[in-house]
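# Structural characterization, general
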Amino acid sequence: IRPFLDAGNRAFARTLAQHVSHPAPTLLDAIVTALQEAFSAVRTDWSHHLMQLALTVPALRRVWLEATEDLAGMLLPTLATVLDLPEESAEARIAADEAVLIAVSSVRRMVHLEEGPQEAIGRVGDAFRRDPLARTLQQLDTSHRRATETGLARPSSSASTSAKGH
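Chains are numbered independently. Their residues run from 1 in the order of the written sequence. In keeping with the predicted nature of the model, local features appear solely for residues at pLDDT of at least 70, side-chain atom pairs appear and are counted solely at 80 or more, and the whole-chain, interface and lining totals rest on all residues. Excluded from the side-chain calculations are hydrogens and water; all other atoms, namely the structure's heavy atoms, are used.

On to the nonpolar core, then. The biggest cluster of nonpolar side chains holds 40 residues, and the ones touching the most others in it are Phe12, Met51, Trp64, Leu75, Leu79 and Val107. Every helix listed is a DSSP run of H or I at least four residues long, and every strand listed is a run of E at least two residues long, numbered separately from the N terminus. If you list the elements that add at least two residues to this core, you get helix H1 (2–20), helix H2 (27–42), helix H3 (47–56), helix H4 (58–83), helix H5 (90–113) and helix H6 (117–129). Ignoring sequence-local partners within four residues, the contact set of Met51 consists of Phe4, Leu5, Trp64, Val107 and Val111. By nonpolar core we mean a set of buried residues, namely Ala, Val, Leu, Ile, Met, Phe, Trp, Tyr and Cys, connected to one another through side-chain atoms within 4.5 Å. Here's how the labels work: a residue is buried when its accessible area is under 20% of the maximum for its type, exposed when over 50%, partly exposed in between, all with a 1.4 Å probe on protein chains only. Contact definition: two residues touch when any of their heavy atoms are within 4.5 Å.

So this is what it looks like as structure tokens:
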């Protein structure tokens with residue numbers, strides 16, 4: 001399994017290096033496009049099944065996690081150069097980790113939701129564009145309240161507990 005994972009990682013790193021040399025609207029767009037191309041380049045009839053095994057069999061999962069950790073190091077030089085930062089900088093390392101997270105989240109969607117690579121990677125890229133971690137807690141509280149009022153979310157346990165107490 002490791003040679004298959006390494007080939008995919010190298011394809012991603014190579015296509016990312018190619019995409020950042022061409023103008024793209026954002027670095028995120030370049031990462032998403034490069035990952036989509038890399039999956040297309042290394043995809044085989046059995047790659048989906050292999051990824052299912054990698055996510056469910058503990059010994060294979062360890063191999064997948066090791067390869068994933070190595071991917072960040074493969075992407076770091078390109079991302080640091082594009083960002084005009086030293087490789088040791090926290091921002092460059094976060095960019096490499098985020099690129100890896102896009103790949104990991106995409107694989108999980110492919111396996112768990114049966115989405116194809118293009119769709120899964122596109123949806124993960126869209127989620128990153130919405131930058132959920134940058135939302136304020138007030139925005140999150142308002143969104144949760146709105147979802148609760150429309151029946152799209154269950155009330156939190158503290159809200160239901162306080163409602164029972166009155």
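Its identity as a non-glycine residue notwithstanding, Asp84 has a phi of 55 degrees, on the positive side. With respect to the helices, strands and loops of the structure, Asp84 is situated in the loop between H4 and H5.

Axis angle and axis distance: for two packed helices, these are the angle between their axes and the distance between the axes, and together they describe the pair. Helix axes are fitted to C-alpha atoms over the stretch in contact, other axes to C-alpha atoms as well, and angles between N-to-C directions run from 0 to 180 degrees. Two elements in contact, H2 and H5, have axes whose closest approach is 11 Å; the angle formed by their N-to-C orientations is 50 degrees. The angle between H2 and H5 falls in the class oblique. The element H2 and its partner H5 pack so that their crossing is right-handed. Taken together, the residues of H5 that come into contact with H2 (itself represented by Leu28, Ile31, Leu35 and Phe39) are Ala99, Ile102, Ala103, Ser106, Val107 and Met110. By the convention adopted, Pro, Cys, Tyr, Trp, Phe, Met, Ile, Leu, Val and Ala count as nonpolar, Lys, Arg, Asp and Glu as charged, and the other residues, Gly among them, as polar. Its residues assigned to classes, the contact of H2 with H5 shows nine nonpolar, one polar and no charged. For this classification, under 35 degrees means roughly parallel, over 145 means roughly antiparallel, 65 to 115 means roughly perpendicular, and everything else is oblique. Crossing handedness is defined as follows: a turn of the near helix away from the far one that is anticlockwise and smaller than a right angle gives a left-handed crossing, while the clockwise case is right-handed.

Moving on to the environment of Pro3. Secondary-structure assignment places Pro3 in helix H1. Put simply, Pro3 and Ala67 are 64 residues apart on the chain and 9.5 Å apart in space, counted from C-alpha to C-alpha.

Below, the discussion takes up H5. The terminal C-alpha atoms of H5 lie 33 Å apart, and with 24 residues this matches the ideal 34 Å at 1.5 Å per residue to within 8%. Buried positions along H5 lie against H1, H2, H3, H4 and H6. Two residues or fewer past H5, Glu114 is found with a positive phi of approximately 60 degrees. The length a helix should cover is 1.5 Å for every residue beyond the first.

This brings us to the pattern of salt bridges. Opposite charge on two side chains allows them to pair when their charged atoms are near. Should a side-chain nitrogen of Lys or Arg be within 4 Å of a carboxyl oxygen of Asp or Glu, the pair is scored as a salt bridge. The final tally for this structure, using the stated rule, is eight salt bridges. Arg123 is the salt-bridge partner of Glu119, the closest N and O atoms lying 3.0 Å from each other. One end of the pair is Glu119 and the other is Arg123, both in helix H6 and four residues apart, which spans about a single turn. For Arg129, the salt bridge is made with Asp126, and the minimal N-O distance between the two is 3.1 Å.

This part takes up the layout of surface pockets. Approximately 250 Å³ is the volume attributed to the largest pocket. Using a 1 Å grid laid over the protein atoms alone, points where a 1.4 Å probe fits but cannot get out form a cavity; open sets with protein on both sides within 12 Å along at least 5 of 7 lines form a pocket; any residue with an atom within 4 Å of a point counts as lining. If you go around the largest pocket, the residues you meet are Glu98, Leu101, Ser105, Arg109, Arg123, Val124, Ala127, Phe128, Asp131, Pro132 and Leu133. Elements that contribute at least two residues to the lining of the largest pocket include exactly H5 and H6. Per-class residue counts for the lining of the largest pocket are six nonpolar, one polar and four charged. Here the second largest pocket is characterised by a volume of approximately 170 Å³. Grid points are joined across faces, edges and corners, and a volume is the space filled by probe spheres set on the points.

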